[in-house]
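Summary of structural features
So you can see what is in the structure, the chains are spelled out below.
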Amino acid sequence: MSEGKGREAFPSVLRLSFSPVVLLPEVLRYGVVDSTNRLAREIREDGRVFWAEMQTAGRGRRGTRWESAPSLGLWFSVSLFGPAEGLMQIGALSVYRVLCAEGFAARMKWPNDVYVEGKKICGVLVEHRRGWNALGIGVNVNHTVEDFPPELREHATSLRRISGRAWDRTRLLEGILQDLDLRLKEWREGALSTLMDEWVAALGLVGKTVRIGGAEGVVVSVEGDGTLVLRTERGTQRIPMPFLE
Ligand code: BTN
């Protein structure tokens, strides 16, 4: 089986157990790929989900590498036509909600990570090119501590590390996709500001003191585009969302 950039083996199909509105009902499931975001960027099919057991060049934000160990996590991307605004927050919100529903004390961390017990459990990367988006989501699921490289063990966690048991990744993926599909439907219907209100509420930052990018102050509000508005000793300061690709 030849695998890698553009040479991945033919995918199998996971048919979703619910009827999606925006997503396509057949998820393409690959063995080894370089990056599901690369697939979603290149095979442009609105609503198509690309899921891989393993990524050899998983992409994180700001050009970082995303550790995508074989068969331990959920590494998937959705190809979507339209503007990029709000997609990253929508992706993070769906994972956050599903983890909360499964009993985890999940937290959203500005701008778009999901944390449990002070460690990162999920990252979201949106790449936008000429009207098309790759919404990529990585969730650490069945990793033990030893499954993470030593330098990540302090900073990353998994559902298994927290709960002490293994999780059915297909069931989890379906839960996340079901929530995502509902949100994407709202997004397509123009309900972006409602979705952003939900995201701001989930962030839970308003009224908290934060230190960020050299500034320290109380968060007065989070604007629709993700900008943090702080009350600092030197007056009001606005911290824009960092560059996210
Ligand atoms: C981050 O840096 O927090 C974002 C990580 C995003 C990782 C996911 S895994 C599935 C998809 N494919 C990629 O190459 N990256 C995203």
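What counts, and where the lines are drawn
- Residues numbered from 1 in each chain as written.
- Predicted model: local features only at pLDDT ≥ 70, side-chain atom pairs only at ≥ 80, totals over all residues.
- Heavy atoms only, no water.
- Helix = DSSP H or I, 4+ residues; strand = E, 2+ residues; numbered from the N terminus.
- Rg over C-alpha atoms; globule rule 2.2 N^0.38 Å.
- Buried < 20%, exposed > 50% of the residue type's maximum accessible area, 1.4 Å probe, protein only.
- Contact = heavy atoms within 4.5 Å.
- Areas by Shrake-Rupley, 256 points an atom, 1.4 Å probe, with all protein chains shown as cover.
- Lys, Arg positive; Asp, Glu negative; His and termini not counted.
- Charge placed at Lys NZ, Arg CZ, Asp CG, Glu CD.
- Core = buried A, V, L, I, M, F, W, Y, C linked by side-chain atoms within 4.5 Å.
- Pairing = 2+ DSSP bridges.
- Axes fitted to C-alpha atoms, helices over the stretch in contact; angles between N-to-C directions.
- Near = heavy atom within 4 Å.
- Polar contact = N/O pair within 3.5 Å; in protein donor to acceptor, adjacent residues only side chain to side chain.
- 1 Å grid on protein atoms, 1.4 Å probe; cavity = no way out; pocket = protein on both sides within 12 Å on 5 of 7 lines; lining within 4 Å.
- Sits in = over half its atoms within 2 Å of the grid points.
- Nonpolar A, V, L, I, M, F, W, Y, C, P; charged D, E, K, R; others polar.

Counting its secondary structure elements, the protein chain contains five helices and 12 strands. For a compact globule of 245 residues, the expected C-alpha radius of gyration is about 18 Å, and the protein chain comes in at 18 Å, within 12% of that figure. Projecting the C-alpha coordinates of the protein chain onto the three principal axes gives extents of approximately 60 × 40 × 30 Å. Within the span of the protein chain, comprising 245 residues, buried residues form 52% of the whole. Partitioning the contacts of the protein chain with sequence separation of at least 6, the portion at a separation of at least 24 is 55%. Of the roughly 11,500 Å² of accessible surface on the protein chain, 51% is carried by carbon and sulfur atoms. Between the mean site of the 33 positive side-chain charges and the mean site of the 31 negative ones, the protein chain shows a separation of 3 Å.

Judged by nonpolar contacts, the single largest core of 59 residues is most densely connected at Val-114 and Leu-177. Among all residues touching Val-114, those that are not within four sequence positions of it are Ala-92, Val-95, Tyr-96, Leu-99, Ala-106, Arg-107, Met-108, Lys-119, Lys-120, Ile-121 and Cys-122. Formed by eight residues, the second largest nonpolar core is a distinct cluster that contains Val-33, Leu-39, Phe-50 and Ala-52.

Strand pairing within a sheet occurs via backbone hydrogen bonds; the two strands may be parallel or antiparallel. Here we have four strands laid out as an open sheet, ordered E9-E10-E11-E12, and antiparallel in their pairing. At either end of the open sheet lies a strand with only one pairing partner, and these are strand E9 (209–212) and strand E12 (235–239). Across this sheet, the average inter-strand angle for adjacent strands is 45°, counted without regard to direction. The sheet contact formed by strand E11 (residues 228–232) and E12 spans five bridges and is antiparallel.

On to the site of the ligand, then. Neighbouring the ligand are 20 residues, the closest being Ser-35, Gln-55, Arg-59, Arg-61 and Lys-120. Within the contact set of the ligand, an oxygen atom lies 2.7 Å away from a side-chain nitrogen or oxygen of Ser-35. Residue Lys-120 places a side-chain N or O atom 2.6 Å away from an oxygen atom belonging to the ligand. Coverage of the ligand by the protein chains reaches 98% of its 420 Å² of free accessible surface. The cavity that encloses the ligand is the largest pocket. Counting only elements with at least two residues in the shell around the ligand, the list comes to helix H1 (36–42), strand E4 (73–81), strand E7 (119–129) and strand E8 (132–140). Top element by residues in the shell around the ligand is E7. It accounts for four residues. When grouped by side-chain class, the residues that make up the shell around the ligand number six nonpolar, 10 polar and four charged.

Spatial relationships are all this shows, so hold off on functional conclusions.
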